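What follows is each chain in one-letter form.
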Amino acid sequence: MDTVLTDTWTTERFLAWEDKQEGKHEFDGRKVVPMTGGSIAHQRIVFNLCLSLMGLLGDRPFIAIHEMRIRTGASVRYPDVVVCGTPQHQTVRTLTDAVVLFEVLSDDTATTDRVDKLLDYAALPSLRCYVLLEQTAIAATVFRRKPGGEWIASAHTGGTISLPGVDVSLSLADLYLGLTFEA
């Protein structure tokens, strides 16, 4: 359930409040939204994604982190996985840049991930790619930013997806290892 705020909150006020909470919360610029745990499929995809990225990125100057909060203007979000290309001190709690962001969709979050977060994430000048991964089938929607800021979407149900900005390609089959889907 969404937390109703009685006073107008700023992003700074939210961040100070959330740092004192046990659970994670997102802030859409107007309301606080508690984060809940995902399904086994969700967790497996995130785990496989992190393993794949760590192997592909190797010793490049990128870091892949799961469930790290990122500030996007007035909003604070927790993408499932974020890839940053700038050095981050290990004490950092809030990122302000990202090259690639990933969300694993669920029935509860799909609309927010496809619409609200797409708009929020598009405000990040460093962002080159936003990837939505289904958890009920091997499928991804990839939003790529072209030079000049225009976003191009593509759908994938197999093969690999290329990640501009980090110059690697992810195998969709690898992301869904250990999961089975009904035909």
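Preceding block: the structure.
This is a predicted model, so every value here is computed, not measured.

### Some thoughts on the side chain of Asp-113
For Asp-113, the position within the fold is in helix H3 (residues 110-122). The exposure class of Asp-113 is buried, given its relative accessible area of 2%. Each residue touching Asp-113, except ones within four places of it in the same chain, is listed here: Glu-103, Val-104, Leu-105, Leu-118, Tyr-130 and Leu-132.

### Some remarks on H3
A rise of 1.5 Å per residue sets the reference length of H3, with its 13 residues, at 18 Å; its end C-alpha atoms lie 17 Å apart and thus fit the reference within 8%. The axis of H3 is deflected most strongly, by about 35°, at Asp-116. Of the residues making up H3, those classed as buried are Ala-110, Asp-113, Lys-117, Leu-118, Asp-120 and Tyr-121. For H3, the elements touching its buried residues are strand S1 (25-27), strand S4 (70-72), strand S5 (75-77), strand S7 (100-104), strand S8 (129-133) and strand S9 (140-145).

### Describing a nonpolar patch on the surface
Together, Phe-47, Leu-51 and Met-54 give the surface a local cluster of nonpolar side chains, amounting to about 330 Å² of exposed area. Position of Leu-51 among the secondary structure elements: in helix H2 (residues 40-57).

### Some points on the nonpolar core
When a protein is soluble and globular, its nonpolar side chains tend to lie buried together. One finds Leu-53, Val-100, Phe-102, Val-131, Leu-133 and Leu-163 to be the most contacted residues of the largest nonpolar core, which totals 28 residues. Of all the secondary structure elements, the ones that give two or more residues to this core are H2, strand S6 (81-84), S7, S8, S9, strand S11 (160-163), strand S12 (168-171) and helix H4 (172-175). Apart from residues no more than four positions distant in its own chain, Phe-102 is found in contact with Leu-49, Leu-53, Pro-79, Asp-80, Val-81, Val-83, Val-131, Leu-133, Leu-163 and Leu-170. Listed in part, the 17 residues of the second largest apolar core include Leu-95, Leu-101, Leu-118 and Tyr-130.

### Details of the pattern of salt bridges
The tally for this structure, following the rule as stated, stands at six salt bridges. Its salt-bridge partner being Glu-134, residue Arg-114 comes within 2.8 Å of it at the nearest N-O pair. Taken together, the positions of Arg-114 in helix H3 and Glu-134 in the loop between S8 and S9 put the pair 20 residues apart, joining distant regions of the chain. Arg-114 sits in the partly exposed class, given a relative accessible area of 36%.

### Considerations on H2
Helix length check: H2, at 18 residues, gives a terminal C-alpha distance of 25 Å against a target of 26 Å (1.5 Å per residue), a fit within 8%. All of the buried residues along H2 are Ala-41, His-42, Ile-45, Val-46, Asn-48, Leu-49, Cys-50, Ser-52, Leu-53 and Leu-57.

### Focus: the pairing of S7
Each regular strand carries side chains that alternate between the two faces of the sheet. Within S7, five of the five residues are buried, which leaves the element mostly enclosed by the surrounding structure. Side chains of S7 alternate between two faces, with Val-100, Phe-102 and Val-104 and Leu-101 and Glu-103 buried alike. Across three bridges, the pairing between S6 and S7 is antiparallel. Paired with Val-82 across the bridge in S7 is Leu-101. With five bridges joining them, S7 and S8 adopt parallel strand pairing.

So, how was this worked out
- Sequence order as written defines the numbering, with residues in each chain counted from 1.
- Residue-level local features of this predicted model are given only where pLDDT is at least 70; pairs of side-chain atoms are given and counted only at 80 or more, and the full residue set underlies all totals for whole chains, interfaces and linings.
- As a rule here, side-chain values come from all non-hydrogen atoms in the structure, and water together with hydrogens is ignored.
- Only DSSP runs of H or I covering at least 4 residues are called helices, and only runs of E covering at least 2 are called strands; the numbering of each starts at the N terminus.
- Accessibility here uses a 1.4 Å probe with only protein chains present; expressed as a share of the type maximum, an area under 20% marks a residue as buried, one over 50% as exposed, and anything in between as partly exposed.
- Any two residues whose heavy atoms approach within 4.5 Å at even a single point are treated as in contact.
- One less than the number of residues in a helix, times 1.5 Å, gives the span that helix is expected to have.
- At any given residue, the bend is defined as the angle formed between two axes, one fitted to the seven residues that end at that position and one fitted to the seven that begin there.
- A patch consists of residues exposed above 30% relative accessible area that lack any salt bridge, with like charges linked at up to 9 Å and nonpolar side chains (Val, Leu, Ile, Met, Phe, Trp, Tyr) linked at up to 5 Å.
- A 1.4 Å probe and the Shrake-Rupley method give the accessible areas. Residues count as covered only by the protein chains that appear here.
- For this analysis, a salt bridge means a side-chain nitrogen from Lys or Arg found within 4 Å of a carboxyl oxygen belonging to Asp or Glu.
- Residues belong to one nonpolar core when they are buried, are Ala, Val, Leu, Ile, Met, Phe, Trp, Tyr or Cys, and are joined through side-chain atoms within 4.5 Å.
- One bridge is not enough; two strands pair if DSSP finds at least two bridges between them.

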